[in-house]
Each structure stands twice: as C-alpha cells, then as structure tokens.
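In case you want the letters, here they are:
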Amino acid sequence: MTGFILRRLGESLLAIWGVVTIVFFVTRILGDPAALLLPIGASDADIQALRAQLGLDQPMLVQYGQFLLNAVQGDFGVSFQHGRDAMQVVLERLPATAQLALTAIAMGLVIGTVAGSIAALKRGKAIELVVMAVALLGQATPVFWLGIMLILFFAVNLGWLPTGGYGTLAHLVLPAFTLAVFVSASIARLLRSSMLEILKEDYIRTAKAKGLLRHTVFFWHVARNALIPVVTMTAILTGELLGGSVVTETVFSWPGIGRLIIQAIEAKDFPVIQAGITLIAAIFVLINFLVDLLYGVLDPRIRANR
Amino acid sequence: MALLEIKNLTVEFDTPGGVVHAVNDLNYSVEAGETLGIVGESGSGKSVHILALLGLLPCPPGRIVSGEAWFDGRNLMALSDSDLRSIRGGEIGMVFQDPMSSLNPVLTVGRQLKEVLTRHTNLTGRALKARMVELLDIVGIPHPEARLSQYPHEFSGGMRQRVMIAIGMACNPRLLIADEATTALDVTVQAQILDLVRQLKHDFGTTVIWITHDMGVVAELADTIQVMYGGRIMERGPVRPVFHDPRSAYTWGLLNSLPDEGARTQRRLYQIPGSPPDMANPPPGDPFAPRNPFATERCHREVPPLRDVGNMPGHKVAAWYDLPALLAAQSEKEQTP
Ligand SMILES: Nc1ncnc2c1ncn2[C@@H]1O[C@H](COP(=O)(O)OP(=O)(O)OP(=O)(O)O)[C@@H](O)[C@H]1O
Ligand code: SF4
Ligand SMILES: [Mg+2]
C-alpha cells in the first residue's frame, strides 16, 4: 500500500509537470510577451531591453528551466493586468470557486443519489420514468440558459434573490443550484444504471435468501456496491467545478477562477493564465489521487491488487 | 407429517421469445427429517421452483401463475414480505450454486456470516463471534478466526462454497435447500460436505432438499429421489426402487448414461440423446416424448398424470405405459433372430 501511494504520488507530479510544460510552450507560441507588455509603437530597443529583463533573449531550454524553477516555488511572474504576483491573484479567487463548487457537488450528491435510488428501486413504475426524464432534461439543458432563466424568474420577476455577485448565502443559491442540476442529473442516471446492474447480481439474491431486512439489503449490498462508480464520477465533477465553472461564474458575475482565466485570456495576461491552469491541473491531479485511495477503501479487490 | 407441501405450482417467464413455461403444475411434499434429492437436466425448473416458493424469483420476468407452498402450517406464497423474510435464512436455509458470485465482494466473510446470525438469533458479542468461528470450523475452513476478516476474493472457489454452506446452516434451519452446492467442488471436498450434511441431519433432524446433477450424490445422501423434466416431475420415490426399477424412460435414460459402477469415482454429467425442450413452445403431451424412444402416440398428445407404480409405497411415475414390459419386449426382440 505504501508503495502504491508513492507510485501514485510520483505519477501525479509527473502529470502536473506535463501540464506546466505544455502551458509553457503553448504560451510561447501564442506570442511575444514583451511585445504585448509595452504600449503599441514602442521602439525595438525598448522591446529588446524588456526581453533581456524578462530573460526572453535566453535560449528556449534555459528559459524553460528557469520557468520550471520558478513554478516549483509558485512564482509564475507578475500579472500584466493586476501588477501583482500571478499565482496570488489566482489563489485569491479560489475560495469563491471552491464555495460554489462544493455547494453544488453536495446538493447534487444528495438530490442525485436519492433520485437515482428511487428510479432503480421503482423499476418499471411511472415514477422511474418521471425521474429519468427530468434527469435527462437536467443533463441536456445548457448551463447558461438555465442560469439566465433562473435569474429572470427568481431575481428579476420575484425579486427573491440577487441577480449575481458574491458575498452572502443568498448570492450562492442560484449559481449553486444551476450547477447542481447538471451534477445531480449525471449522478442520478449513473447510480440508477449501476444499481440495476447490482440488483441482478447473485449476491443480492444471497442477501435476500438470508432474510435480511429490506434496508440492510439496500444499504449494505446494493448501495455499497453501486456507489463505487458514482464516487469516481463525483470526483471528476468536483475537479471540473474546482477548476472554475466558466459559464456559471460569468452568468452570475461570480468572482471565481473560471471567470478570472477568461478575463486573463482576453487580456493576454500570460502569467495569470499559466498560474491558473497549473493550479487547476494540480487540483485535478490531487483529486484523482484521492479517488484512487478512496477506491481502495471501497473495493477490497482493488486494494489487494496494489 | 409433511414439513413442506407444494401444490399446483406454476411459474412462467415473459421473455422476448414468448412465455417460458418453467414450472408446470408442480405438486410434491417433503416429510420432516427426510432428504429429498432432486435431479434433472439443465432447465428442468429445479432452481426456479425453489426461488418461487422463497419469494426470490425475479419478477419480472418471472410470474407465479398459481400455487401454494405450505411450510409448517403457513402458506409461503401468501405470507407478507416481512413474514417471509423472517423465515428465509432462519427456518429455511439456502445454499446457492456458483460460489464465485454468490458472496458480496466488498464485505468481509465475517460480516456476511454475522448478518444472518444477528437477523435470526439473539447472539451478540463474544457468543456471536464464537458461533461464527464454530461455523467456519464445522464446514472445514482452516484458521476460521483469521478467515473471518478476509474478503471473498481471498478464498478459493471451494472455500467460498463452504462459506455459503456455513451461511445456509448458520441458524440451524429446519429445512436446508442446497442448489448444486457441491457441483463446483472436487470429489474429496464434496465427500466432506456430504458428511457435514449427514452430521447436521443426525444432530438436528434437519430436513434437506438437495438439488444436483449427480445421481451418485443422490444415491449417497437422499431418502427420496425426484426426477424433473420440463418443469414437471417425471418420477419420484424412495431411492432404492427408483434406481433399481425405474419406471420413467427419462429416469432410465439418466441411469443408463451413468458410467459403470467401476468408473463411478470419476462421475460425469449424464447425457441423453436429443436436446431439452424449448419451454417457450413446449410439446403438447409429455415434454420428454420427442426424445423418448418408447414414446407412444398418446405420449405426444397428452400429459400423463403422476401415478403410483411398483410395490414400494411412494414410488410414482408420470408415464402412460409400463416401462419394464416394454424393456422386456425389446430385449426379447433382440434375442430372436
Ligand atoms: N430470469 C429468467 N428469465 C427467463 N427465463 C428463465 C429465467 N430463469 C430461468 N428461466 C427459465 O426457466 C427454466 C427453468 O430454469 P431453472 O433455472 O429452474 O433450471 P434448472 O433445472 O435449475 O437448471 P440447472 O440445472 O441448469 O440449474 C429454463 O427454461 C430457464 O430458461
Ligand atoms: S409418458 Fe411416454 S414420453 Fe413420457 S416418459 Fe412415459 S413413455 Fe416416455
Ligand atoms: Mg439451477
């Protein structure tokens, strides 16, 4: 098990290194930061001076080495827009994004598991059809459209909730719900199909033959096994949302990472883009690592193979 | 007195290929303390009728068309779900075939054993643990204490089957139903398990229904043999007369296709020419008639009722004619040039 953890940790670092490398070369291809930093019409001499100052006159490999060295220390340079440390600019947005993401995931998990379980247990009944139709709709509805509709209804028409912004619990409700719709719909559909598979297993028949109470069979035998794939999906969704839900954050003017990176791209603020993408990659890799550990806890067969 | 009495049990499956008539108007009873061996080819309704009476049939596609199953004065088919749950695993123990998939892969063997004990007995704490260890020990699992905390994938197929048997007999059931419980095991282990069942019968007077493909096991273990085909009973009776004086052509075929006495140690599944009936379109008469060299015109037309034969009480056959007479006539024909 220790060997497994070390190996996975190594793989995680490798993955982050890969992303950082790609980010480095892609930004170099996109343009010359020095030319962008200076006002239009700056002289060649000025540009050369700045290039030297930024180390851009060095060979590519030296630049890359320097970039890596800085990146390891969390130094991605100074944001062109904000004039402050780029990583710090990104990290300041993390709490807002995390708050939104975790609230949406929690809501989605509760709604999704309940709906998915009902659909699986009421197989063939009308309620299954209703739940699955709603879930399909929820998964297919474009997030921006749903967000705008919610704003129109609850904020503009009824005036119950703010149209956007950040700060109070009231601000959180609509954007979190918007994301939770997709999350819960995905979880409900996956859990239902996973449960229907498990219900066919011989060991469920064994559990029933033992005369176990209905809820024992359900929680310990059906749900316990059916949740394993749901854990993976939840983790992937969490990773995605923690990377900033660009559309939702934009629609609701939510000051999260997603919106920050979009703004940085528009402004060609390379340090922020690099810092942001590296952070997102790190979060994603970390979550995958945690999921792998959790998997071993949930499924002893996987634990044994490590 | 009969501990279990099954009356007019009919089970069907709705499948894309039509209605499968899996069990057809089945009637039989098992006396308290008796061991009933049920044999029959694959698809003869052995498992399905058991699942039906225990409320374990997957419905849909399964459907219980009619039937009663009286167990100790209660009709299992009419009991509420919760009443049936308290009988299953307690008074009626069940051991399924296929040990590889019958245990939950993510729970320890100890937990799966404990579940059934806490459900049906008052054992707790140390006594509960002691009983769990005792059960694994009884079924011949070495180091039972350590084994309790292991998961099914850490057990071999034979060991898992023993765990299943331990679960089935955990609460000292009055009726133990084993559905091909030893099919996956090698001969030595199988012999140990059969000893175990005999011990159980001796100690607790347990009534046993033993479903198997193996005529040899029936001969060793059972008091009564019941031969099934196409969801019906073809022949039934005390083991000795049925083995020595079979009255159904199907039983005769099963026995004839057994290896000789000498080669018995290496038992094989029996083989009868032809293939099992398509139960979505069962033949109108006797289901075995199309494969039966002795079938008469009436056999093809009309289902024979189960009637008494021979001179042993309880020996019954579903056949329109006298098999011994026909066999005698046949051998006479072979002798006259
Ligand atoms: N879930 C199901 N759906 C459709 N048909 C089924 C189903 N389960 C069983 N059957 C049908 O019911 C009939 C009886 O099956 P059953 O399992 O009782 O046979 P069996 O005598 O136990 O055979 P085996 O020796 O292979 O275990 C077969 O024709 C089978 O195809
Ligand atoms: S009734 Fe006819 S077909 Fe059926 S077993 Fe007897 S002889 Fe054979
Ligand atoms: Mg079977």
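Refer to the structure above for everything that follows.
Notes on the structure follow. (Residues numbered from 1 in each chain as written. Chains lettered and ligands numbered in written order. Predicted model: local features only at pLDDT ≥ 70, side-chain atom pairs only at ≥ 80, totals over all residues. Heavy atoms only, no water.)

**Description of the interface of chain B and chain A**
- Opposite the 26 residues of chain B that make contact, chain A presents 24 residues.
- Between chain B and chain A the total buried area reaches about 2,200 Å² when both faces are included, carbon and sulfur atoms providing 57% of it.
- Looking at the side of chain B facing chain A, the largest losses of area belong to R85, V106 and E115 of chain B, adding up to 25% of the total buried there.
- The interface formed by chain B and chain A holds two salt bridges in total. (Contact = heavy atoms within 4.5 Å. Buried area = accessible area lost by both parts, 1.4 Å probe. Salt bridge = Lys/Arg side-chain N within 4 Å of Asp/Glu carboxyl O.)

**Considerations on the site of ligand 2**
- As a matter of local geometry, ligand 2 sits amid M234, A249, D286, A289, N292, C299, P304, A318, A319, W320 and Y321 of chain B.
- In terms of residue class, the shell around ligand 2 is built from nine nonpolar, one polar and one charged. (Near = heavy atom within 4 Å. Nonpolar A, V, L, I, M, F, W, Y, C, P; charged D, E, K, R; others polar.)

**Focus on the sheet that holds strand β5 (residues 74-75) of chain B**
All names here are of chain B.
- Sheet architecture is open: four strands sit in the order β2-β1-β4-β5, paired in antiparallel fashion. Across the chains shown, the open sheet's two edge strands, defined by having one partner strand only, are β2 (18-31) and β5.
- Where strand β1 (residues 2-15) meets β2, 10 bridges bridge the pair, whose relative direction is antiparallel. If you follow L4 over to β2, its bridge partner there is V30. (Pairing = 2+ DSSP bridges. Helix = DSSP H or I, 4+ residues; strand = E, 2+ residues; numbered from the N terminus.)

**Considering a nonpolar patch on the surface**
Residues and elements named next belong to chain A.
- A surface patch of nonpolar side chains, about 850 Å² in accessible area, is lined by F144, W145, I148, M149, L152, V156, V246, V247, I262 and I265.
- Those elements that place two or more of their residues in the nonpolar patch are α7 (143-157), α11 (246-251) and α12 (257-266).
- Looking at which element gives the most residues to the nonpolar patch, the answer is α7, with six residues.
- The residue I262 is located in helix α12 in this model.
- The exposure class of I262 is partly exposed, given its relative accessible area of 32%. (Patch = residues over 30% accessible without salt bridge, like charges linked within 9 Å, V, L, I, M, F, W, Y side chains within 5 Å. Areas by Shrake-Rupley, 256 points an atom, 1.4 Å probe, with all protein chains shown as cover. Buried < 20%, exposed > 50% of the residue type's maximum accessible area, 1.4 Å probe, protein only.)

**A look at the site of ligand 1**
Residues and elements named next belong to chain B.
- Taken together, 16 residues form the shell around ligand 1, and within it S42, G43, K46, S47 and H213 come nearest.
- Contacts to ligand 1 include E180, whose side-chain N or O atom sits 3.1 Å from an oxygen atom.
- Compared with its free state, where it exposes 630 Å², ligand 1 has 70% of that area covered by protein.
- Those elements that place two or more of their residues in the shell around ligand 1 are β1, β2 and α1 (46-53).
- If you tally residues by element for the shell around ligand 1, the top one is α1, at three residues. (Polar contact = N/O pair within 3.5 Å; in protein donor to acceptor, adjacent residues only side chain to side chain.)

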